[in-house]
There are 2 protein chains.
Amino acid sequence: MKNKRETIQKTIILEKTRRLANHPTAEEIYRAVRADFPRVSMGTVYRNLNRLAGEGKIKKIEIPNAADRFDHQTHFHHHLKCEECGGVYDVEMKTGDSVLESVINRDDFVIKSYQIIFYGACQKCHKKHKEDI
Amino acid sequence: MKNKRETIQKTIILEKTRRLANHPTAEEIYRAVRADFPRVSMGTVYRNLNRLAGEGKIKKIEIPNAADRFDHQTHFHHHLKCEECGGVYDVEMKTGDSVLESVINRDDFVIKSYQIIFYGACQKCHKKHKEDI
DNA sequence: GTATTTGCAAACAATTTGCAGATAT
DNA sequence: ATATCTGCAAATTGTTTGCAAATAC
């Protein structure tokens, strides 16, 4: 896998990932791609998403115990996973990040990146839950 | 599933999780339990680990694209996932956490908890990689 | 006594992979 | 021309679940 060729599939997968509103899953991208190119397979979608992420053209957001998301955005941000509906939302942070400086045992490894996953409830689910009571 | 009974399985699963050095996977706990009780099944291990986590007796650490870990530790800390070997290591942070205060759009959801996952290389893998060059 | 829990095997979800044929360069 | 990429289906990994039998209370 040397990732050398610009195939139609790769092009359209990038385009759809960019067009889809917010951190779509591979499945969502797959459906969008198939709307135009019905013979594209899931394997191809995954292969290309990983290639594109490797090239830095998109960002892969790994969500524990849920499908990975692929993000067209470039700026650094984090995510909230709604424990009720499983939805993933952007979490914006103030600049002047002190997370890396707060690590105590930094000699134990080389840190290349990090992501914060918040757990909780999105507005919709929280509201619904309140109504239940 | 009302989680009412203290079964032998539940007891030993908690004990093994506590005894095993550091954030073992369900698989590792399963093996440890089977050493003493060979008929315990994987399903029982998962069910009880989730129950114990629900009761707050252990902590479930969700690792993206890898087996979840179960932690006997109680104090708040984070984790590094080594991108080479897949190992998971504790990351200790200075107290006086400012992560929650740094969230800008906090009105959009209710945040109950969070975890930071660092990506990088552990000492062993980093050293090995250097030798390759 | 009876509701909960177990063991087993089968189901599940997300992702990866082997391979023969197709395609970009 | 040929190495890379695709489509397909099957494999993999981690976890959950349905069900009849076992067990804690």
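Residues numbered from 1 in each chain as written. Chains lettered and ligands numbered in written order. Predicted model: local features only at pLDDT ≥ 70, side-chain atom pairs only at ≥ 80, totals over all residues. Heavy atoms only, no water.

Taken together, 23 residues lie around DNA strand C, and Y46 and D68 of chain A together with K4, R5 and T44 of chain B are the ones closest in. The sugar-phosphate share of atoms of DNA strand C within 4 Å of the protein amounts to 69%. Here a base oxygen of DNA strand C and a side-chain polar atom of R47 of chain A are 3.4 Å apart. Within the side chain of N50 of chain A, a nitrogen or oxygen atom sits 3.2 Å from a phosphate oxygen of DNA strand C. Of all elements in the fold, only α3 (42–54) of chain A together with α3 (42–55) of chain B reach the threshold of two or more residues within the surface near DNA strand C. The residue makeup of the surface near DNA strand C, split by class, is 5 nonpolar, 8 polar and 10 charged. (Near = heavy atom within 4 Å. Polar contact = N/O pair within 3.5 Å; in protein donor to acceptor, adjacent residues only side chain to side chain. Helix = DSSP H or I, 4+ residues; strand = E, 2+ residues; numbered from the N terminus. Nonpolar A, V, L, I, M, F, W, Y, C, P; charged D, E, K, R; others polar.)

On to helix α1 (residues 8–19) of chain B. All names here are of chain B. Helix length check: α1, at 12 residues, gives a terminal C-alpha distance of 16 Å against a target of 16 Å (1.5 Å per residue), a fit within 8%. Residues K10, I12, I13, L14, K16 and T17 constitute the buried set of α1. Summarising the contacts, the buried residues of α1 are in contact with α2 (26–36), α3 and β2 (69–71). (Expected span 1.5 Å × (residues − 1). Buried < 20%, exposed > 50% of the residue type's maximum accessible area, 1.4 Å probe, protein only. Contact = heavy atoms within 4.5 Å.)

Once that is clear, we can look at the protein's contact with DNA strand D. Around DNA strand D, 23 residues are found, and the nearest of them are K4, R5, T7 and T44 of chain A together with Y46 of chain B. Considering DNA strand D, the proportion of its atoms within 4 Å of the protein that are sugar or phosphate atoms stands at 68%. Measuring from a phosphate oxygen of DNA strand D, one finds a side-chain N or O atom of T7 of chain A at 2.8 Å. Taken together, the elements giving at least two residues each to the surface near DNA strand D come down to α3 of chain A together with α3 of chain B.

What follows is about the relation of the copies chain A and chain B. Of the transformation placing chain A onto chain B, the axial shift is 0.0 Å and the rotation is 180°, giving an RMSD of 0.0 Å. What the rotation and shift describe, once combined, is the action of a two-fold rotation axis. Both copies present the same face, since 100% of the interface residues in chain A are matched by interface residues at the equivalent positions in chain B. (Least-squares fit on C-alpha atoms with pLDDT ≥ 70 in both.)

Another aspect to go through is the domain arrangement of chain A. Residue and element names in this part refer to chain A. Domain annotation of chain A identifies domain 1 (2–70) and domain 2 (75–132). Each of domain 1 and domain 2 has a C-alpha centre, and these two points are 23 Å apart. Contacts between the two partners involve 10 residues from domain 1 and, on the opposite side, 12 residues from domain 2. Of the roughly 780 Å² buried between domain 1 and domain 2, counting both surfaces, carbon and sulfur atoms make up 53%. In this structure, the connection of domain 1 to domain 2 is made through 0 salt bridges. Our count for the contact surface shared by domain 1 and domain 2 stands at 3 residue pairs in polar contact (both at pLDDT 80 or more). Looking at the side of domain 1 that touches domain 2 residue by residue, the class counts come to 4 nonpolar, 3 polar and 3 charged. (Domains from an automatic or database assignment. Buried area = accessible area lost by both parts, 1.4 Å probe. Salt bridge = Lys/Arg side-chain N within 4 Å of Asp/Glu carboxyl O.)

What follows is about the packing of aromatic side chains. Inspection of the entire model under this criterion finds 4 aromatic pairs over all chains. When the centroid spacing of 5.6 Å and the interplanar angle of 45° are considered together, the rings of F118 of chain A and Y114 of chain B count as tilted. Highlighted residues: F118 of chain A in strand β5 (residues 109–122) and Y114 of chain B in strand β5 (residues 109–122), drawn from two different chains. Considered together, F118 of chain A and Y114 of chain B belong to a single accessibility category, that of buried residues. (Phe/Tyr/Trp six-rings, centres within 6.5 Å; stacked < 30°, edge-to-face > 60°.)

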